[in-house]
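The chain contents come next:
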Amino acid sequence: MQNNFIQVKGDQVIIDINDLMTLALVAAVVIVALIVVTVALKKRKKNFIKTLPTNLKEDA
């Protein structure tokens, strides 16, 4: 199995900076997307039922 991201030559470990930046960018996008979805779901759940629907009110 060949891995271009990390290469070992003798006693040196070489990491490809372009692949590292791409991986970091993808990870950042995934984390931001998860945060946005989590906040949106919490906000929607919080304001789901604000008032009592009119068909459930009793006439006194």
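Our structure is the block above this text.
Residues numbered from 1 in each chain as written. Predicted model: local features only at pLDDT ≥ 70, side-chain atom pairs only at ≥ 80, totals over all residues. Heavy atoms only, no water.

### Comments concerning the overall build of the protein
A tally of helices and strands in the protein yields one helix and two strands. Scored against the burial criterion, the 60 residues of the protein give a buried share of 0%. (Helix = DSSP H or I, 4+ residues; strand = E, 2+ residues; numbered from the N terminus. Buried < 20%, exposed > 50% of the residue type's maximum accessible area, 1.4 Å probe, protein only.)

### Some words on the pairing of strand 2 (residues 12-15)
Sheet analysis places strand 1 (residues 6-9) next to strand 2, joined by four bridges and oriented antiparallel. Each residue of the ladder has a partner; that of Gln 7, found in strand 2, is Ile 14. Connecting strand 1 to the antiparallel partner strand 2 that follows it, the hairpin turn spans two residues, and Gly 10 within it adopts a positive phi of roughly 65°. (Pairing = 2+ DSSP bridges.)

### Quick word on a nonpolar patch on the surface
Judged by side-chain polarity, Ile 6, Val 8, Val 13, Ile 15, Ile 17, Leu 20 and Met 21 come together as a nonpolar surface patch covering roughly 660 Å² of accessible area. Elements represented by at least two residues in the nonpolar patch include exactly strand 1, strand 2 and helix 1 (17-46). When residues in the nonpolar patch are grouped by element, the largest group, three residues, is from helix 1. Taking the relative accessible area as the measure of exposure, Met 21 reaches 54% and is therefore exposed. (Patch = residues over 30% accessible without salt bridge, like charges linked within 9 Å, V, L, I, M, F, W, Y side chains within 5 Å. Areas by Shrake-Rupley, 256 points an atom, 1.4 Å probe, with all protein chains shown as cover. Salt bridge = Lys/Arg side-chain N within 4 Å of Asp/Glu carboxyl O.)

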